[in-house]
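# Analysis of the macromolecular model
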Amino acid sequence: MENKKVLSMIQPSGLPTLGNYLGALKNWSNVAAEYDCAFAVADLHAITVRQDPQKFKKQIFDMYSLLLALGLKPEKNIIFVQSQVPTHAQLAWILDCYTQFGEMSRMTQFKDKSKAHPENINVGLFAYPALMAADILLYQADYVPVGADQKQHLEITRDIAERFNGLYGDTFTVPEPLIVETGARIMSLQDPTKKMSKSDPNPKGYISIFDGKDIIAKRIKSAVTDSEACVRFAEGKDGVNNLMSIYSCCTGKTNEEIEAEFAGQGYGIFKQAVADAVIEELGPLQDEFARITADRAYVEDCMKQGADTAYRISSRTLAKVMKKVGYYQFKK
Ligand code: TRP
C-alpha cells in the first residue's frame, strides 16, 4: 500500500524562533521518516504583506536551506519553493471561484491582519486560504501538520475540496490535520501567556534559531518566572512551565524528571541548564545551515530538482481539475 502523504509549508518571513523550531520544524524529519512528504517555502503567501525585494530573496534562499539543514532529504522528499511551481497560482484562481465571499470573510487571520495593517488590506490577503487550499490539494495530501493558527484554513480547505468533489465527483483527497505529539507551544519569555513570536516588539521575548550562545543565555536568564523559587509544572506558573517545556523539548525529559532534577534548587541553576540545553540543541543546526548556505550551487540544484518534481506531480491534479471544469484540452 502507498504511504500516506503529508504536505508542510512555511513562510520565508524572517528566520524562525526557538518556538517555531521546537513546536514544528524539529519534528519535520520524524514526519518525513513516517510519511511520503512534500515540504515547501510558501513565498507566494508571503507577499500579502509588503516585502523588501533584496531581503525577501535572501529569506527565500535561507528558508529553503534551513529545510535542508533540518535533515530533510531532497532524494526522498519533495522540497521546493512555491513560486517556482506555477500550478499553485493556477489552481488557486480556480478555487477562488469555488469559494464564497462570506466564508472567506469569516477567517480570523484575515480579520486580525486587516486590523493590524489597515493601510494594506489587499485582495491576496483575503484570498490567501484558497492559495493554501491549492497547495494542499495539488498533492492530494492526506495530512497537514498545522498549529492552532492555521486550523481554520485547513477546515476551509476541506470545505472547498468536498464542495468540488460534490459537484464533479472524486477529484481531491480531503486532508486532515496531523496532530503531532511532540512539539510544544513555546511562549514568549517576557509574557508567557502569549506565543513566542519574532514580531514581538520586545526582542527579549524570543530567541531566534540563529542566535549565538551569549544571546541565548542572556534571554533565558532574563525570562520571567515567579517568586516561588520551585521548579514545578503547575497552573499559574506560566513562566516556569514555559522554561520546562523548552528544556523538555531539548532533552526529551518529562516534567516529573525535570522536577526531580531541580528539587530544592533555585531558578538560577535551572535557567543555566535550560540555556545550555538550548545551545546544545541549536548548535549543530546552525553549523549545518552555515555549511549548506556556503554551497549555493548545491542549494540551487536541490531547488530545481524539487520544483521539477513538484510540477510533475501537481500538474496531474491540475489537469484533472481543468478537465472536470470543462477547459479545452488537447488529446495526448
Ligand atoms: N499559511 C501557512 C502559515 O502561515 C503556510 C502555508 C502555506 C501552509 N501553504 C500551506 C501550511 C500549506 C501548510 C500547508 O503558517
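Residues numbered from 1 in each chain as written. Predicted model: local features only at pLDDT ≥ 70, side-chain atom pairs only at ≥ 80, totals over all residues. Heavy atoms only, no water.

## Notes on the overall build of the protein chain
Short version of the rule: Where helices and strands are cited, they refer to DSSP runs of H or I of at least four residues and of E of at least two residues respectively, numbered from the N terminus. Taken over C-alpha atoms, the radius of gyration is set against a globule rule of 2.2 Å times the number of residues to the power 0.38. When accessible area is computed with a 1.4 Å probe and restricted to protein chains, residues below 20% of their type maximum are described as buried, those above 50% as exposed, and intermediate ones as partly exposed. In what follows, a contact means two residues having at least one pair of non-hydrogen atoms within 4.5 Å. Surface accessibility in these figures is a Shrake-Rupley result with a 1.4 Å probe; residues are shielded only by whichever protein chains are displayed. The charge count includes Lys and Arg as positive and Asp and Glu as negative, but it does not include His or the ends of the chains. Taken as the charge centre is NZ of Lys, CZ of Arg, CG of Asp or CD of Glu, depending on the residue.
Along the backbone of the protein chain there are 13 helices and five strands. Relative to the 2.2 N^0.38 estimate, which gives 20 Å for 332 residues, the radius of gyration of the protein chain is 21 Å and therefore close to what a compact globule would have. Within the protein chain, the proportion of its 332 residues that are buried is 47%. Taking the contacts inside the protein chain whose residues are at least 6 apart along the sequence as the reference set, 74% of them involve residues at least 24 apart. Accessible surface, the protein chain as shown: approximately 16,900 Å² in total, 53% of it carbon and sulfur. Placing the 39 positive and 41 negative side-chain charges of the protein chain at their respective mean positions leaves the two points 5 Å apart.

## Details of the site of the ligand
To keep it simple, the criterion reads: Residues are counted as near a molecule or strand when any one of their heavy atoms sits within 4 Å of it. Side-chain atoms alone can form a polar contact between residues adjacent in sequence; in general such a contact is a pair of N or O atoms within 3.5 Å, and within protein one must be able to donate a hydrogen while the other accepts it.
All residues adjacent to the ligand are Leu7, Met9, Gln11, Ala42, His45, Tyr128, Met132, Asp135, Ile136, Val144 and Gln150. At 2.7 Å, a side-chain N or O of Asp135 approaches a nitrogen atom of the ligand. At a separation of 3.1 Å, a nitrogen atom of the ligand approaches a polar side-chain atom of Gln150. Relative to its unbound accessible area of 370 Å², the ligand is 88% covered by the protein chains.

## Digging into the environment of Arg50
Relative to the elements of secondary structure, Arg50 occurs in the loop between helix H2 (43-46) and helix H3 (53-69). Taking the C-alpha atoms as reference, Arg50 lies 8.6 Å from Asn120; in sequence the two are 70 residues apart.

## Some thoughts on the pattern of salt bridges
The criterion, for reference: A pairing counts as a salt bridge when a side-chain nitrogen of Lys or Arg comes within 4 Å of a carboxyl oxygen of Asp or Glu.
Inspection of the entire model under this criterion finds 10 salt bridges. Across the salt bridge formed by Lys194 and Asp191, the nearest N and O atoms sit 3.1 Å from each other. Look at Lys194 and you get exposed, because its relative accessible area is 52%. For Lys237, the salt bridge is made with Glu228, and the minimal N-O distance between the two is 2.5 Å. For Lys237, a relative accessible area of 6% translates into the label buried. Under the relative-accessibility criterion, Glu228 is labelled partly exposed at 38%. Here the salt bridges do not stand alone but share partners, grouping Asp226, Glu228, Arg232 and Lys237 into one network.

## Some thoughts on helix H6 (residues 108-116)
Stated precisely, the cut-off is as follows: As used here, the arc belongs to the directions running from the helix axis to the C-beta atoms.
Within H6, the full set of buried residues consists of Gln109, Phe110 and Ser114. Down the axis, H6 shows its buried residues gathered within 130° of arc, on one side only. Opposite the packed face of H6, turned more than 90 degrees from it, sit the exposed residues Asp112, Lys115 and Ala116. Those residues of H6 hidden inside the fold are in contact with helix H7 (123-138) and helix H8 (151-168).

## A closer look at the environment of Gln59
On the secondary structure map, Gln59 appears in helix H3. Expressed as a C-alpha distance, the spacing of Gln59 and Gly14, which sit 45 residues apart in the sequence, is 6.2 Å. Apart from residues no more than four positions distant in its own chain, Gln59 is found in contact with Pro12, Ser13, Gly14 and Gln51.

## Quick word on helix H4 (residues 87-96)
Where H4 is concerned, the buried positions are Thr87, His88, Leu91, Ala92, Ile94 and Leu95. For H4, the arc enclosing every buried residue in end-on projection is 165°, short of the 170-degree limit, so these residues lie on one face. In this fold, the buried residues of H4 make contact with H2, strand E3 (78-81), H7, H8 and helix H13 (296-325).

## A word on the packing of aromatic side chains
The cut-off we apply is this: To pair, rings of Phe, Tyr and Trp, with the six-membered ring standing in for Trp, must have centres within 6.5 Å; the planes then decide the type, stacked if under 30 degrees apart, edge-to-face if over 60, and tilted in the middle.
Taken as a whole, this structure holds 14 aromatic pairs when the rule is applied. For the ring pair Phe164 and Phe172, a centre distance of 5.3 Å and an interplane angle of 55° mean the geometry is tilted. When its relative accessible area of 0% is taken as the criterion, Phe164 is described as buried. You can call Phe172 buried: its relative accessible area is 4%. One aromatic cluster in this structure is built from Tyr98, Phe164, Tyr168 and Phe172.

## Looking at the side chain of Thr99
Here Thr99 lies in the loop between H4 and helix H5 (101-105). Polar contacts involving the side chain of Thr99 include one to the main-chain carbonyl oxygen of Leu95, which spans 2.7 Å. Once residues within four sequence positions are removed from consideration, Thr99 is found in contact with Met104, Ala130, Ile156, Ile160 and Arg163.

## Some remarks on the nonpolar core
The condition that has to hold: Throughout this description, the term nonpolar core refers to a set of buried Ala, Val, Leu, Ile, Met, Phe, Trp, Tyr and Cys residues connected via side-chain atoms within 4.5 Å.
Ranked by size, the top nonpolar core spans 63 residues in total, and within it Tyr64, Leu67, Ile246 and Val278 carry the most contacts. Ranked by residue count, the leading element in this core is helix H12 (residues 267-293), at 12 residues. Leu7, Ala38, Ala92 and Ala141 belong to the second-largest nonpolar core, a separate cluster that totals 39 residues.

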